[in-house]
Amino acid sequence: MEKDKNDKELFMQEEKKKEEKDKQKETKTEKKYIPGIGIDVGTANVCSCRRKEDGTFDVKSHRNMLFEMELNEFSDDLLERGDYVYIKSGKKCYIVGADALSLVNAIGKGTIIRPMANGLLNVELKTSQELLNKILEAVVGKPICENEPLRFSVPASNVVNKPGVNNLFHQMVLKEFFNSLGFISQPINEALANLYNESPSMKLDNGEEYPLTGYSISFGGGMVNSAIVLKGMSLIEFCSTSAGDQIDQNVSLATGEPTSKIIVVKEKKLNLDKIDQNDRIQVGLGIYYSEMISRIFKQISKEFSKDSREFEGAVDVVICGGTAMAPGFINRVKEVVKNIELPFRVGEIRLSSNPFFSVSQGCCLRGLSDYSKMNKK
Amino acid sequence: MSIIHNGKQIEVNIGGISQSKLERILSEHGKLILDGMDKKIGDIPKQTVVYDKNGRETSQETISEESLNSIAKEMVKDRHNTESNFDSLGKRQKVKMDKEKVKKTLDLLNDL
């Protein structure tokens with residue numbers, strides 16, 4: 001009996017020591033970061049970015065997708081046996097992240113849902129805000145200093161194919177949420193964030209150089225966001241809701257295959273330079289990719305011409321986003337640009353150095369700058 | 001003027017309008033607002049059509065930024081209604097960037 005008691009006490013002491021060690025470790029890790037965090041709140045993925053004192057960046061990504069199940073014996077069993085990440089809300093259970101996609105493909109039925117749709121909160125899903133909050137909290141973590149600046153990405157308010165829709169409410173909810181975690185948060189346009197990360201410049205014929213100037217496009221899952229930027233200031237911002245997810249749905253309708261299968265082909269097999277003509281899904285994806293790229297460049301041409309603007313030098317195009325990561329994507333863009341008349345000269349067209357994390361990195365740079373300004377005051 | 005729907009106060013600007021016309025407005029346009037409140041998210045209209053005493057249509061702001069902000073505050077509380085088996089999410093990766101380029105960009109951003 002006495003031995004049991006001693007063992008128990010020893011065990012408790014060891015556990016306590018372990019906990020303290022973990023805590024110290026955590027504090028040490030936190031100290032390595034410079035305050036100022038960036039969050040890319042995308043329809044398809046949520047990414048966070050922090051800079052370390054050694055100058056490198058730490059990025060985190062989470063697939064913003066869910067598989068909804070009724071809470072019953074079957075789901076209880078599944079949750080108990082598998083190591084799925086889940087959220088329970090009311091009488092429903094949601095498998096979270098990449099697990100959702102693998103589960104749907106394993107079961108062979110059901111559909112993937114997202115807490116966000118077309119770049120904004122998903123109005124079809126009543127609990128979307130609760131779920132998104134939970135996911136964001138787990139990706140972002142806690143502030144590392146009092147009033148730590150946080151920059152989060154938002155789409156442009158000008159949604160060209162949905163007049164009357166704007167991002168105001170979406171932006172307010174996110175700002176309120178991040179502030180409730182202890183951050184001082186501010187929104188930043190998604191395409192502008194990509195441009196900050198890539199920092200293109202416009203060179204004039206007289207040798208003068210305009211830094212942070214160019215055309216930035218973020219091809220995401222729910223939206224395509226565009227910004228024409230001059231010396232770090234956005235001149236034109238617009239977005240379109242017909243993006244990666246829409247391509248999946250269009251190809252699904254055309255081929256009769258579920259979207260979960262289309263996503264797998266898109267991510268694992270698709271090469272836009274070498275479309276397998278015997279694969280109907282790849283052929284469909286190729287057609288809709290070209291349509292999307294062409295539509296965006298026609299729109300920028302229209303928006304740019306509205307105010308009779310003129311750029312003296314050639315404008316570099318910097319592209320990012322998960323949808324732009326398909327091999328051969330940049331060649332498609334170059335092909336479209338060759339055959340379209342644009343109101344400005346195009347310089348280099350390039351994929352961002354880190355297309356998947358470029359928006360979160362750009363947000364982080366703006367967050368770091370906010371922190372530096374905060375300290376100067 | 002303000003109306004109460006599902007315990008939420010909604011501000012509606014309807015200067016000098018009769019009860020019957022108020023009902024007409026709510027049945028035709030207010031529904032959009034109420035639906036938005038019910039869903040707690042979505043395309044909440046910032047404008048609605050209201051009628052003056054002569055039955056003419058006039059357009060006025062109905063939901064102010066402050067009202068939207070108070071709804072946003074309410075929504076933030078909702079995360080406590082859920083239960084999950086995780087504290088942290090996301091796959092971590094280390095990214096190296098050109099230090100000189102980052103410094104140049106930060107200098108430019110500090111001047112904005």
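Structure report, in brief. Remember, it's a predicted structure, so these values are computed and weren't measured experimentally.

About the criteria used
- Residues numbered from 1 in each chain as written.
- Chains lettered and ligands numbered in written order.
- Predicted model: local features only at pLDDT ≥ 70, side-chain atom pairs only at ≥ 80, totals over all residues.
- Heavy atoms only, no water.
- Helix = DSSP H or I, 4+ residues; strand = E, 2+ residues; numbered from the N terminus.
- Buried < 20%, exposed > 50% of the residue type's maximum accessible area, 1.4 Å probe, protein only.
- Contact = heavy atoms within 4.5 Å.
- Pairing = 2+ DSSP bridges.
- Axes fitted to C-alpha atoms, helices over the stretch in contact; angles between N-to-C directions.
- Parallel < 35°, antiparallel > 145°, perpendicular 65-115°, else oblique.
- Left-handed = near helix turned anticlockwise from the far one by under 90°.
- Nonpolar A, V, L, I, M, F, W, Y, C, P; charged D, E, K, R; others polar.
- Phe/Tyr/Trp six-rings, centres within 6.5 Å; stacked < 30°, edge-to-face > 60°.
- Lys NZ or Arg CZ within 6 Å of the ring centre and 35° of its normal.

So, on to the overall build of chain B. Helix and strand content of chain B: three helices and six strands. In sequence order, the secondary structure elements of chain B are arranged as β-β-α-β-β-α-β-β-α. Scored against the burial criterion, the 112 residues of chain B give a buried share of 37%. Sequence-distant contacts, at least 24 apart, represent 41% of the contacts inside chain B between residues at least 6 apart.

Right, let's get into the pairing of strand 13 (residues 214–219) of chain A. Residues and elements named next belong to chain A. Among the six residues that make up strand 13, six are buried, leaving the element largely enclosed by the rest of the structure. Of the two faces of strand 13, the one lined by Gly214, Ser216 and Ser218 and the one lined by Tyr215, Ile217 and Phe219 are each fully buried. Sheet topology note: the strand 13/strand 14 (residues 224–230) ladder contains six bridges and is antiparallel. Bridging across to strand 14, Ser216 finds its partner in Ala227.

The sheet built from four strands is open, its strands ordered 4(A)-6(A)-5(A)-5(B) with antiparallel pairing. Here the strands that pair on one side only, and so sit at the sheet edges, are strand 4 (66–70) of chain A together with strand 5 (83–84) of chain B. As judged from the five bridges shared by strand 4 of chain A and strand 6 (residues 92–96) of chain A, these two strands associate in the antiparallel manner. Paired with A:Met69 across the two strands is A:Cys93, which belongs to strand 6 of chain A. Along the sheet, helix 3 (residues 98–107) of chain A contacts strand 4 and strand 6 of chain A; its crossing angle with strand 6 of chain A, the most-contacted strand, is approximately 105°. Along the sheet, helix 4 (residues 128–140) of chain A makes contact with strand 4, strand 5 (86–89) and strand 6 of chain A together with strand 5 of chain B, crossing strand 5 of chain A at roughly 145°.

We now examine the packing of helix 11 (residues 358–376) of chain A against helix 3 (residues 99–111) of chain B. Interaxial distance between helix 11 of chain A and helix 3 of chain B falls to 9 Å at its minimum, and their mutual angle equals 55°. By the angle between their axes, helix 11 of chain A is oblique relative to helix 3 of chain B. Remark: the crossing between helix 11 of chain A and helix 3 of chain B carries right-handed chirality. Here helix 11 of chain A contributes A:Leu365, A:Arg366, A:Leu368, A:Ser369, A:Ser372 and A:Lys373 to the contact with helix 3 of chain B, which in turn contributes B:Val102, B:Thr105, B:Leu106, B:Leu109 and B:Asn110. Of the residues in the contact of helix 11 of chain A with helix 3 of chain B, the class split is five nonpolar, four polar and two charged.

Our next topic: the packing of aromatic side chains. Residues and elements named next belong to chain A. Going through the model one piece at a time under the given rule, you end up with nine aromatic pairs over all chains. Relative to Phe178, the ring of Phe177 lies with its centre 5.7 Å away and its plane at 55°, an arrangement referred to as tilted. Residue classification places Phe177 among the buried residues on the basis of a relative accessible area of 0%. When its relative accessible area of 0% is taken as the criterion, Phe178 is described as buried. Members of the aromatic cluster, joined through ring pairs, are Tyr215, Phe297, Phe304, Phe311 and Phe344. Residue placement shows Arg50 over the ring face of Tyr33; its charged tip is 5.7 Å from the ring centre. For the cation-ring pair, Lys231 lies above Tyr210, with the distance from its terminal atom to the ring centre recorded as 4.4 Å.

So, to be careful, I would describe these as geometric facts and stop short of saying anything about function.
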